[in-house]
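# Architecture at a glance
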2 protein chains.
Amino acid sequence: MPRPTKHAPERGDARTRLLEAARDVVRTKGFAATTVDDLCKTAGVTKGAFFHHFKSKDALGVAVAEFWTETTSALFETAPYHTPTDPLDRVLAYIGFRRAMITDDITEFTCLVGTLAQEVHATAPEIRDAAGVSIFSHAETLEADIAAAVDERGIAPTVWNPASLARHFQATVQGAFILAKAGNNPDLARETLDHLDRYVRHLFGVQESNISGDLQ
Amino acid sequence: MPRPTKHAPERGDARTRLLEAARDVVRTKGFAATTVDDLCKTAGVTKGAFFHHFKSKDALGVAVAEFWTETTSALFETAPYHTPTDPLDRVLAYIGFRRAMITDDITEFTCLVGTLAQEVHATAPEIRDAAGVSIFSHAETLEADIAAAVDERGIAPTVWNPASLARHFQATVQGAFILAKAGNNPDLARETLDHLDRYVRHLFGVQESNISGDLQ
DNA sequence: GATAAGATACCAACCGGTTGGTATTAACAA
DNA sequence: TTGTTAATACCAACCGGTTGGTATCTTATC
């Protein structure tokens, strides 16, 4: 076990602490309104540490988007929605999982990279692209289950395809977050996920059901 | 006819010019990254004029959200999607209208108040609420057509209702914008509106169709 | 002792906002 | 018609605090 120093925040974790601070503060205030001093104060480090690990504020923006990609992909990989043997059940369980993640605290369940993409799409292409990778690589993890469900159910989608539907999932989730923020009410996010659930059941020709009982 | 002064920007329109500047610049850079000087330069007025018309930058934020509400409601009121006599056709034509508004320039077709709501939801409640009014009052204009379509088609929605579906429309549109920004590609927005079209046709039990031909 | 990690002190530019003033217009009285 | 008053609209210069970023130094680790 590494011998801790006398200082409360241990040496070597300043970068991670700054990324966690950025994740939380940016989701609350947005990227532009978040100052470097904000992040240093939240992380409990000084400016010298910040610019030692990130060459600029924009570089931190890219890094925190990549950090988000790593942490969320780990979260979704180990999430229980993968357990059903029926691929369509996994797809529906994904929606249930996203729905179950919605809590009372809006900043807690909303998406960092969605916020980033919207804010910097025209001014910081590197941050925007890092956010784009996060969203679209996550969408790709859904494609396999959707494609398997298409195969297993023997349906033949014409105008849509698994990749398109996976992206539509992400759009719906992002839109759900915006309505929750605009109305300051998480129920608005749940409501739109219920419509998504209904749409998917239609595409695969299964009965509607009250989804609030079988989350995950 | 009022005699124009010697100055190029005529007297009395500074407020409108500032609101138009805010609409354009905020959609590009976001609210926090937009400086008062930015707006003054774009509008061709001085800071004195700015603070004569708006008591603070936040007050401008509220005013530009209200300005957006006024201009967009005027746009949608006179839009051609109201012409079909069948209410469901009007609902589908609304989606087609939204789809037809998507151009190559992302900042041009995306939604100011969606951007505002996401950025300031936790830090500027007054701006957030003004953005919320804009989104939800627009959703309400859809409710009548959706309800009329429900009546006319004799369907009996149980878990969803016209108000909920109208909000889902807005969530889907907002989500479409975020994906277009994240992927820097307007096609991503069109794609998700096609899924919405398909969902609505399902809810009302009508055949799918290639919607790209009958926009508006 | 070399290198990475972090602290301290500092800076020039920029930010939202204020100040004190001027130009224009409308209302009204003489 | 002219003069007065008041209110609105706008301008140029300025202010103090904040911003992202840097230079320099100290400390820990291999």
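Computed from a predicted model, the values in this text were never measured in an experiment.

Let us look at the interface of chain B and chain A. Tallying the contact residues gives 47 residues for chain B and 47 residues for chain A. For the pair chain B and chain A, the summed buried area comes to about 4,100 Å², and 63% of that belongs to carbon and sulfur atoms. Where chain B touches chain A, the interface holds 2 salt bridges. Residue E191 of chain B pairs with R167 of chain A through a salt bridge whose shortest N-O separation is 2.7 Å. In this structure, the connection of chain B to chain A is made through 15 residue pairs in polar contact (both at pLDDT 80 or more). Going through the elements one at a time, α1 (14-29), α6 (106-109), α7 (112-120), α8 (125-153), α9 (162-183) and α10 (187-203) of chain B are the ones with two or more residues in the side of chain B that touches chain A. The element contributing the most residues to the side of chain B that touches chain A is α9 of chain B, with 15 residues. When grouped by side-chain class, the residues that make up the side of chain B that touches chain A number 19 nonpolar, 19 polar and 9 charged.

Note on the identical chains: chain B maps onto chain A by a rotation of 180 degrees and an axial translation of 0.0 Å, with an RMSD of 0.0 Å. Given the turn and translation reported, the copies of this chain are related as if by a two-fold rotation axis. No C-alpha of chain B approaches the rotation axis more nearly than that of G175 of chain B, which lies at 1.9 Å. Counting the interface residues of chain B, we find that 100% of their copies in chain A are interface residues as well, pointing to one common contact surface.

The next subject is the domain arrangement of chain A. Residues and elements named next belong to chain A. By the assigned domains, chain A splits into domain 1 (1-54) and domain 2 (65-213). Placing a centre on the C-alpha atoms of domain 1 and another on those of domain 2 gives a separation of 30 Å. Opposite the 10 residues of domain 1 that make contact, domain 2 presents 13 residues. For the domain 1 and domain 2 pair, buried surface summed over both sides reaches about 930 Å², with 72% attributable to carbon and sulfur atoms. If you sort the residues of domain 1 by the area they bury against domain 2, R23, R27 and F31 come out on top, with a joint share of 64%. Linking domain 1 with domain 2 are 0 salt bridges, by the criterion used here. The tally of links between domain 1 and domain 2 comes to 5 residue pairs in polar contact (both at pLDDT 80 or more). Residues of the side of domain 1 that touches domain 2, tallied by class, amount to 5 nonpolar, 2 polar and 3 charged.

Residue and element names in this part refer to chain B. With 22 residues, α9 extends 31 Å between its outermost C-alpha atoms, agreeing within 8% with the 32 Å of an ideal straight helix rising 1.5 Å per residue. The element α9 is largely enclosed, with a buried count of 20 among its 22 residues. Capping the start of α9 is the job of one residue whose side-chain oxygen sits 3.2 Å from the backbone nitrogen of A163: N161. A positive phi of about 50 degrees marks N184, the residue just after α9.

Time to look at the packing of helix α8 (residues 125-153) of chain A against α9 of chain B. Their axes nearest at 8 Å, the elements α8 of chain A and α9 of chain B cross at an angle of 120 degrees. It follows that α8 of chain A is oblique to α9 of chain B by the angle criterion. Contacts between α8 of chain A and α9 of chain B involve R128, G132, I135 and F136 of chain A from the former and L179, K181, A182 and G183 of chain B from the latter.

Pairing between side chains of opposite charge can happen when the charged atoms of each approach one another. Residue and element names in this part refer to chain B. Evaluation of the coordinates by the stated rule reveals 22 salt bridges over all chains. A salt bridge links R90 to D145, with the nearest nitrogen and oxygen atoms 2.9 Å apart. Taken as a pair, R90 in helix α5 (residues 87-100) and D145 in helix α8 lie far apart in primary sequence, 55 residues in all. Judged by its relative accessible area of 16%, R90 falls in the buried class.

Cut-offs applied
Residues numbered from 1 in each chain as written. Chains lettered and ligands numbered in written order. Predicted model: local features only at pLDDT ≥ 70, side-chain atom pairs only at ≥ 80, totals over all residues. Heavy atoms only, no water. Contact = heavy atoms within 4.5 Å. Buried area = accessible area lost by both parts, 1.4 Å probe. Salt bridge = Lys/Arg side-chain N within 4 Å of Asp/Glu carboxyl O. Polar contact = N/O pair within 3.5 Å; in protein donor to acceptor, adjacent residues only side chain to side chain. Helix = DSSP H or I, 4+ residues; strand = E, 2+ residues; numbered from the N terminus. Nonpolar A, V, L, I, M, F, W, Y, C, P; charged D, E, K, R; others polar. Least-squares fit on C-alpha atoms with pLDDT ≥ 70 in both. Domains from an automatic or database assignment. Expected span 1.5 Å × (residues − 1). Buried < 20%, exposed > 50% of the residue type's maximum accessible area, 1.4 Å probe, protein only. Axes fitted to C-alpha atoms, helices over the stretch in contact; angles between N-to-C directions. Parallel < 35°, antiparallel > 145°, perpendicular 65-115°, else oblique.

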